[in-house]
Amino acid sequence: MRLSLLLGHAVFFTLFVLGWQHAEARMIHVDSAWQFFKWINVDGVQVEAHRYSAVLPQLVIKLLLICGASLKTLVIAASEAHVLVGYAVFLICAYLWRAPKAALGCALATVLCTRLAFYGPVLEANYLTCYPFVLLGWFEARGESHGAWSVAIACTLLLVALVVHPVGWVVMGALLAFQYVQTPTQRPLLRWLIGVCLLWAALGRLLLPPSPYESGLYSAVLANVQDVSHWAGWSSVEFLVGHTWSYTTHFLPVWILMAMLVMALARERKGPELLVVLLGWLGFIMLNVFTYAQGETAVMMEKNFVPLATLVAVPAVGSMMNVRGPWRSAVLCLFALVVFVKLRDISFAARPMEERLATIGSLVEDARAQGIRKAVSGHDELVQRGLGVHWALAFETLLCSSLETPAASTTVLCASENSGWDHTEGVDLGVFGSEVMPGSLNTHYFNLPIGAYRRLSLPDELP
């Protein structure tokens, strides 16, 4: 048991090192750059799309802002805070709840389906690899306690996972169903929790209305259900297949664990557990296959499937802990091997993120060399530079340029992504419909000049 928990500590220590080493690549990247900028520049706590339980890293940044920390310090703190949320859940399960199965499940789930998604830390789907284990660990520790306080505490812990992401109810519903068939003595309390989970699935959209992006996903599901005959050509199917073998072997370990778990449950004749596990896996995979059939960026596509790791880790660790005799050492070695392979994948995935950050840095340097601090470049020109253009480029360049001093703050817009680029005062963010005015910036960290935006020339256009 101690060796198993030591492996869990090793997982989070490695992620902590990677989070420190690649902090800028993690936080100066699309959604992370946008949210991180708002944490610094906008007063109060910013809650994205009603995901209230995802604010812990932001609170760390707000505290450091009071202390006057530098932008570089804030970048590192934000990167590490996301790692520490998962580690805190691991520590709670291991030492407060004294629930080793939940602790090891958290460690395994954190890395099992994660590669590029590690470099999108603000994507809330990542929290579904840790928050569910607080409730599962509490169940593991409390045994058969079913008093009124137990119901209240369990419902609170459940809501933490439900509000962090729209698919939280799918993940928690599958996990609670597995707990229900596995532990008959806890069924009275589990009935309450399953009821809350189903009620949230029915009323959650009314209590917390979805964002326009989420509404579009609901429409996509309906459209793809009606056009299921073309499923073989869907981008989501290609993503799963391609990243199992042809592009990368990212999903191969999870498929192997799933197959081994099915064989173990079938051999032990645990029919109800096997049925619930299979339905949970299939339901979650099909939901994402239908929702993202038209595809998204690589990071976004991967994060959609990250919570699958939790649905696999819970029964897998449970089976591992039930093994006795010499086979237990073999199972522990398998656990260590899977963790090592996935940490290696995460480490190697830093390369494209660091390359993108370097390209953004080069773009900023070109703007400075031309004496431009508020620049505009065409989409094709940016692609020619080797830069994948995202909607958050203005904030990526602003953060990257301001790391040393706010006096060096520079922003670069993509003309085709920002129709209002020629405004003399503001930065139009297109679909987000908001502006960042130079006069509204937190000048302790960002300091753009007042004035018009100027066209950024390509290097080969310079005299």
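In this report, the structure presented in the accompanying data block is examined. Only a predicted model underlies this, so the values are computations on that prediction, with no experimental measurement involved.

Considerations on the pattern of salt bridges
(1) Moving on: A full pass over the atoms with the stated rule returns ten salt bridges.
(2) Moving on: Measuring nitrogen to oxygen at the nearest pair gives 3.1 Å for the salt bridge that ties Asp-345 to Lys-342. Remark: Lys-342 and Asp-345 occur in helix 17 (residues 327-348); sequence separation between them is three residues, near one turn of the helix. Neither Asp-345 nor Lys-342 differs from the other in exposure class; each is buried.
(3) Moving on: Between Glu-365 and Arg-368 there is a salt bridge whose closest N-O contact spans 2.9 Å. Of this pair, Glu-365 and Arg-368 both sit in helix 18 (residues 350-369), three residues apart, roughly one helical turn.
(4) Moving on: A residue is classified by how much of its surface remains accessible, and Glu-365, at 44% relative accessible area, is partly exposed.
(5) Moving on: Among the charged side chains, a salt-bridge network with shared partners connects Arg-51, Glu-124 and Glu-214.

Let's talk about the packing of helix 5 (residues 71-96) against helix 6 (residues 100-112)
(1) Moving on: Two elements in contact, helix 5 and helix 6, have axes whose closest approach is 7 Å; the angle formed by their N-to-C orientations is 160°. With respect to helix 6, the element helix 5 is oriented roughly antiparallel. Crossing handedness for the pair helix 5 and helix 6: left-handed. Of the residues in helix 6, those touching helix 5 at Gly-86, Val-89, Phe-90, Cys-93 and Ala-94 are Pro-100, Ala-102, Ala-103, Cys-106 and Ala-107.

Comments concerning the environment of Val-75
(1) Moving on: Relative to the assigned elements, Val-75 resides in helix 5.
(2) Moving on: Along the sequence, Val-75 and His-22 sit 53 residues apart, while their C-alpha atoms lie 10.0 Å from each other.
(3) Moving on: With residues near it in sequence (within four places) discarded, Val-75 still touches Ala-23, Glu-24, Met-27, Phe-36 and Leu-403.

Focus on the sheet that holds strand 2 (residues 411-414)
(1) Moving on: As summarised here, the arrangement of the three strands in space is 2-1-3, forming an open sheet in which the pairing is parallel. The open sheet has two edge strands, strand 2 and strand 3 (454-455), and neither has a second partner.
(2) Moving on: One ladder, built from two bridges, connects strand 1 (residues 374-377) with strand 3; its direction is parallel. Bridge assignment links Ala-375 to a residue of strand 3, and that residue is Arg-454.

Considerations on the nonpolar core
(1) Moving on: Ranked by size, the top nonpolar core spans 141 residues in total, and within it Leu-15, Phe-36, Leu-108, Leu-112, Phe-133, Leu-135 and Phe-446 carry the most contacts.
(2) Moving on: When neighbours within four sequence positions are excluded, Phe-36 is seen to be in contact with Met-27, Ile-61, Leu-71, Leu-74, Val-75, Ala-78 and Leu-399.

Digging into helix 1 (residues 2-21)
(1) Moving on: The terminal C-alpha atoms of helix 1 lie 28 Å apart, and with 20 residues this matches the ideal 28 Å at 1.5 Å per residue to within 8%.
(2) Moving on: Turning to helix 1, its buried residues number three or more, namely Ser-4, Leu-5, Gly-8, His-9, Val-11, Phe-12, Leu-15, Leu-18 and Gly-19.
(3) Moving on: Those residues of helix 1 hidden inside the fold are in contact with helix 2 (23-27), helix 5, helix 6 and helix 17.

Some words on the layout of surface pockets
Empty space among the atoms becomes visible once a probe the size of a water molecule is rolled across them.
(1) Moving on: Volume-wise, the second largest pocket comes out at about 610 Å³.
(2) Moving on: Surrounding the second largest pocket, 20 residues form its lining, Met-260, Ala-264, Ser-319, Val-323 and Val-331 being those nearest its centre.
(3) Moving on: Taken together, the elements giving at least two residues each to the lining of the second largest pocket come down to helix 13 (252-267), helix 16 (308-322) and helix 17.
(4) Moving on: Broken down by class, the residue content of the lining of the second largest pocket amounts to 16 nonpolar, two polar and two charged.

So, empty space enclosed by the protein
(1) Moving on: Throughout the structure, instances matching the rule amount to six cavities of 30 Å³ or more.
(2) Moving on: As a volume, the largest cavity reaches approximately 240 Å³.
(3) Moving on: Lining the largest cavity are 15 residues; nearest its centre among them are His-82, Val-83, Thr-110, Phe-118 and Asn-126.
(4) Moving on: At four residues, helix 5 tops the list of elements feeding residues into the lining of the largest cavity.
(5) Moving on: Class assignment for the residues of the lining of the largest cavity results in eight nonpolar, six polar and one charged.
(6) Moving on: For the second largest cavity, the calculated volume is near 100 Å³.
(7) Moving on: If you trace the second largest cavity, you find 13 residues lining it, with Gln-35, Trp-39, Ala-54, Val-55 and Glu-124 closest to the centre.

Section: the side chain of Glu-80
(1) Moving on: Mapped onto the fold, Glu-80 is located in helix 5.
(2) Moving on: Despite its burial, Glu-80 pairs with no opposite charge, the nearest such side chain being Arg-26 at 5.7 Å.
(3) Moving on: A distance of 3.1 Å separates a polar atom in the side chain of Glu-80 from the backbone nitrogen of Trp-20.
(4) Moving on: When sequence neighbours within four positions are dropped, the list of residues in contact with Glu-80 reads Leu-15, Phe-16, Gly-19 and Trp-20.

As for the side chain of Thr-114
(1) Moving on: Locating Thr-114 in the fold gives a position in the loop between helix 6 and helix 7 (131-142).
(2) Moving on: Within the structure, the side chain of Thr-114 is placed 3.1 Å from the backbone oxygen of Thr-110, a separation counted as a polar contact.
(3) Moving on: Each residue touching Thr-114, except ones within four places of it in the same chain, is listed here: His-250, Glu-302, Val-306, Lys-342 and Ile-346.

A few points about the packing of helix 1 against helix 17
(1) Moving on: Where helix 1 meets helix 17, the closest approach of the two axes is 11 Å, and the angle between their N-to-C directions is 5°. As the angle between them shows, helix 1 and helix 17 are arranged roughly parallel. Contacts from Leu-3, Ser-4, Leu-7, Val-11, Thr-14, Leu-15 and Leu-18 of helix 1 reach helix 17 at Leu-332, Phe-335, Ala-336, Val-339, Leu-343, Ile-346 and Ser-347.
(2) Moving on: When the residues that make up the contact of helix 1 with helix 17 are grouped by side-chain class, the tally is eleven nonpolar, three polar and no charged.

Considering the pairing of strand 2
(1) Moving on: Here strand 2 shows two buried faces, one formed by Thr-411 and Leu-413 and the other by Val-412 and Cys-414.
(2) Moving on: Direction of pairing for strand 1 relative to strand 2: parallel, over a ladder of four bridges. Residue pairing across strands places Ala-375 opposite Val-412, the latter belonging to strand 2.

About the cut-offs
- Residues numbered from 1 in each chain as written.
- Predicted model: local features only at pLDDT ≥ 70, side-chain atom pairs only at ≥ 80, totals over all residues.
- Heavy atoms only, no water.
- Salt bridge = Lys/Arg side-chain N within 4 Å of Asp/Glu carboxyl O.
- Helix = DSSP H or I, 4+ residues; strand = E, 2+ residues; numbered from the N terminus.
- Buried < 20%, exposed > 50% of the residue type's maximum accessible area, 1.4 Å probe, protein only.
- Axes fitted to C-alpha atoms, helices over the stretch in contact; angles between N-to-C directions.
- Parallel < 35°, antiparallel > 145°, perpendicular 65-115°, else oblique.
- Left-handed = near helix turned anticlockwise from the far one by under 90°.
- Contact = heavy atoms within 4.5 Å.
- Pairing = 2+ DSSP bridges.
- Core = buried A, V, L, I, M, F, W, Y, C linked by side-chain atoms within 4.5 Å.
- Expected span 1.5 Å × (residues − 1).
- 1 Å grid on protein atoms, 1.4 Å probe; cavity = no way out; pocket = protein on both sides within 12 Å on 5 of 7 lines; lining within 4 Å.
- Points joined across faces, edges and corners; volume = space filled by probe spheres on them.
- Nonpolar A, V, L, I, M, F, W, Y, C, P; charged D, E, K, R; others polar.
- Lys, Arg positive; Asp, Glu negative; His and termini not counted.
- Polar contact = N/O pair within 3.5 Å; in protein donor to acceptor, adjacent residues only side chain to side chain.

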